[in-house]
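# Report on the structure
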Amino acid sequence: MKHTHRSPWRDYLTLLILPTLLIGALALGGCSNDSVAPQDEVPALSVDEVANQAGWVAMATGIVGPQTVEFTAKSDKNSYEYAFTGNVAGVVHLDFFSGGAGGTSATPSEADYVDLYTADGAPLVITVGIEGLEGTILLTFAMAADLDRAADPDEATINGGGTFASGPYAASFEFNGVVVGNGSSYPSAGTMVFTGSGFVMTVTFDGDNTANLLTGDGQAYTIDLDTGEVTEALVPQ
Amino acid sequence: MRVFAKGHRNRRGRSAACLLLAGLVCLLVGGAERAAAQDVEELLTQVGEDYAVAYSSPFLYSFGPNANSNMYSTAHIPWTRIVFGIGVKGMTTQLNETDQTFSKVIENVDLGAYDPALAGQFGDVFMSGPTIFGSTSTNGRVQGFYNGVEVFNAETIPGLVDSRWSPLVAPEAYVGGVFGLKATVRYLPEIDTGSYGKTKYFGYGLQWNVNGILKNLPVDIMAGFFTQELDVGTIYQSEASTYFAAVSKSFTMLTVYGGLAAEDSKMDVAYEFIHPSDPTLNSDVNFSIDGIQTSRFTLGVTLDFLAKLNVEAGFGNKLTSYSAGLMFGL
C-alpha cells in the first residue's frame, strides 16, 4: 500500500484560505447590496412653475384676506370661523381683539386686530382646473391683521404668512402690509414674498385685478387675481 | 388613467405569491401556486409598464443572482467512480433597505398617455410607493404635475410581501464520475395555474474536473456551465446562465471551495393592463429586463456527513447572495 507523508501545516494553511478570502471579499464588496429599485427625486421646478404656484396663492389671498375686515357675527365669542366654498374651500378661524395684538377679546365690530388662521391639519383647498383637469393645492394661513374701522370702507393691513403644498412640492409665503378693504377682492397695497423650490419672488398688490410678480433674478410676471393665471411680462414692472 | 386602483390581497396570499414569484417554493408549501399566480397577476393588471418595471425591480434583478447560486459544492469529480445525488438548494439575496420602496419620475411627458383627457398637456409624472417586497398595507401613488401644480393623484397597489429577502428554492440532482464529468439538473414538473398558465422550471449544466489530466495538484479544479428557465404562469418568463471555474480542498468531512463565474439573466414580463372603468383602454403590457449581475466570486464550505450540506456566499459585481444545499447520494 502506497503511503505518502505530508506535513500537516499545509492542510492548516489551506484551511486558512477560506476565512482569509471571506474577509477579503467582505472588505472589498461588503455585505450590503446596492439599491436596484429606482429612487428618483421629485422633478425640480423651473422659475416659471414656481411663479405659477405664487399666482395661485395671490389669487387665494384676494379671497381669504378680505374676511379679516368683512367678517361679521352677532354673538360674542372668543373665536369665530368662516367657511369658504368654491375654488378656495375650507374653514378659517378668526380671533378678534381690541387694543391690538395681545389685547382683549372683542367682537368683530369692536375689534382693531384679528388673527385669521387655518386649523392644524385642515388647510384650505384650491381646486385647480387646467383644461378640464383637476388638481389640488393645500394652503395654510396665519394672518395677523390690524383693522382700521375709521377708513371708508373699513380696511385691514395684513402681515403673517402661510404655506403652500401641491403633491410633493412645498413653499411658504409672508405678507408684508397687504391692505384689503371691505367689499373689494383685490388688495390695494402691500407685498407677498413667496419662497419655494429654491426661488424667492415678490408679489406686489396695487388694487386692481392684477398683481406684479418679480423674481430674485429680475424676471417679471403678471398675475390675474381672478383666475391665478400667471403670464410673463416683457418688461419688469 | 393607466395607473391606479387599490389592490386588496390578504397577507397570507401575498406571502404565498412571493414564494411562487421567488421561484419554486410552491412545491414545498403545496397548493399555493394558483392563489400566488392570481395575486401577482391581479396586482400587476392594475398598473402600466413604467410602474410595473419599478415595482418589480427588486425581484427582477435578484432572480438572476439567486438562480446562478450554489452551482457546486466541491470541485472534486471522480474520473473512474460513479457519483450521484439528489437534494434541494436554497438561495437568497438580501435587498438593500431602500429597495422596499421606489420612486420613479417621467419628465416632460404627454399626460394623455395616462389619461386621454389630458392629451396635449406635457408635464411630469411621479410614481412612488412600495415595491413588490415592500409594505403590504401601504398603497403606491401616481401623481401628475403641470406647471408646478398637481393635476392628478391616483392610488395604486401595495407590496406583495414585506421582506428584505428575495428567496429561491430549487430541487437538484446530479450524476457523474466518468472522465471527470458531472451533469446537473434542476427541475420542477409543470404546475397548471388555470387561466394564468403553467409554472415550470428546468435547468441543466455540465462540470468537468481537470485533475485527471493535471495530476498532483494540491487542490481540485473544475469548470462548468449551467443554464435554466423559470416561467411563472403567463406573467414572468426568465432565463439565467452561468459559466464558472472553481477550486476546492477536502479535509476528512469538510471541503472548502471557491470560484469565479460569469453570468447573465433575463426576464420577460407580459400581462394585460385592465383599466378600472374604461375597457377600451385595456392594453397588453410586454417588457424585458436584463439582469444587472455579470460576475461573481464564490466562497463556500461543505460538510460531508451522511449527506452533503453546503453553505456559500456569492459576492457578485452587483449583489451578494447566500445559499445552502442539502444533497443525498454518493
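Residues numbered from 1 in each chain as written. Chains lettered and ligands numbered in written order. Predicted model: local features only at pLDDT ≥ 70, side-chain atom pairs only at ≥ 80, totals over all residues.

### Quick notes on the overall build of chain A
Formally: Numbering goes from the N terminus for both helices and strands, where a helix is a DSSP run of H or I of at least four residues and a strand is a run of E of at least two. Three exposure classes are used, based on other C-beta atoms lying within 10 Å of a residue's own C-beta, which is placed from the backbone: buried for 20 or more, exposed for 12 or fewer, and partly exposed in between. Think of it this way: build a C-beta for each residue from its backbone, and any pair within 7 Å is a contact.
Within chain A, the regular secondary structure consists of three helices and 13 strands. Each of the 237 residues in chain A was classed as buried or not, and the buried ones make up 34%. Sequence separation of at least 24 residues holds for 45% of the intrachain contacts in chain A that already meet a minimum separation of 6.

### What about the overall build of chain B?
When you go through chain B residue by residue, the secondary structure sums to four helices and 15 strands. Per-residue burial for chain B yields a buried fraction of 53% across its 330 residues. Residue pairs in contact within chain B that sit at least 24 positions apart in sequence constitute 63% of those at least 6 positions apart.

### Details of the interface of chain A and chain B
Across the contact, 38 residues belong to chain A and 43 residues belong to chain B. Within the residue set of the side of chain A that touches chain B, elements represented by two or more residues are helix 1 (8-29), helix 2 (47-64), strand 5 (124-130) and strand 6 (133-148) of chain A. By residue number, the principal contributor to the side of chain A that touches chain B is helix 1 of chain A, which donates nine residues.

### Regarding the nonpolar core
Using the following cut-off: For this analysis, nonpolar core means a set of buried Ala, Val, Leu, Ile, Met, Phe, Trp, Tyr and Cys residues linked through C-beta atoms within 7 Å.
Core analysis: the largest hydrophobic core is formed by 99 residues, its most contacted members being A:Ala54, A:Val57, A:Ala58, A:Ala60, A:Val203 and A:Leu213. Those residues in contact with A:Leu213, other than ones at most four positions away along the chain, are A:Ala51, A:Ala54, A:Met201, A:Val203, A:Ala220, A:Tyr221, A:Ile223 and A:Val230.

### Focus on helix 2 of chain A
As a reminder of what qualifies: What a helix should span is 1.5 Å times the count of its residues minus one.
Given a rise of 1.5 Å per residue, 18 residues ought to cover 26 Å, and the 25 Å separating the end C-alpha atoms of helix 2 of chain A matches this to within 8%. Along helix 2 of chain A, 15 of the 18 residues are buried, which leaves the element largely enclosed by surrounding structure.

### Topic: the pairing of strand 13 (residues 295-305) of chain B
Residues and elements named next belong to chain B. Which entries qualify depends on this criterion: In this description, strands pair whenever DSSP reports at least two bridges between them.
Across nine bridges, strand 11 (residues 254-273) lies against strand 13 in antiparallel orientation. In the strand pairing of strand 13, Leu254 is matched with Leu303. Two strands pair when backbone bridges link them, and strand 13 and strand 14 (residues 307-316) are joined in this way by 10 bridges, in the antiparallel orientation. Directly across from Val301, in strand 14, lies its bridge partner Val311.

### A word on the environment of B:Met222
The residue B:Met222 is located in strand 9 (residues 220-232) in this model. Each C-alpha atom, one on B:Met222 and one on B:Ala75, is 5.0 Å from the other, the two residues being 147 residues apart in sequence.

### Quick word on the environment of A:Val92
Residue and element names in this part refer to chain A. Note that Val92 resides in strand 2 (residues 88-98). Judged by the 23 C-beta atoms lying within 10 Å of it, Val92 falls in the buried class. For the pair Val92 and Glu81, spaced 11 residues apart in the sequence, the C-alpha separation amounts to 5.5 Å. With residues up to four places along the chain from it excluded, the contact list for Val92 reads Val64, Gln67, Glu81, Tyr82, Leu116, Tyr117, Thr118 and Phe141.

### Concerning unusual backbone geometry
The general pattern is negative phi for most residues beyond glycine and trans for most peptide bonds. In this structure, A:Pro153 follows A:Asp152 across a cis peptide bond, with omega equal to 0°. Relative to the assigned elements, A:Pro153 resides in the loop between strand 6 and strand 7 (155-166). At B:Asn108, a residue that is not glycine, the phi angle is positive and equals roughly 50°. The phi angle at B:Phe179 is positive, at roughly 55°, despite the residue not being glycine.

### Considering the sheet that holds strand 5 (residues 149-155) of chain B
All names here are of chain B. Spelled out, the test is: Axis lines are fitted to C-alpha atoms, over the contacting stretch for helices. Their N-to-C directions set the angle, which ranges from 0 to 180 degrees.
Ordered in space as 2-3-4-5, the four strands form an open sheet in which the pairing is antiparallel. Looking along the sheet, the strands with just one partner apiece sit at the ends: strand 2 (101-110) and strand 5. Adjacent strand axes in the sheet meet at a mean angle of 15° when their direction is disregarded. Contacting strand 2, strand 3 (122-130) and strand 4 (141-146), helix 4 (residues 49-67) runs over the sheet at an angle of about 160° to strand 2.

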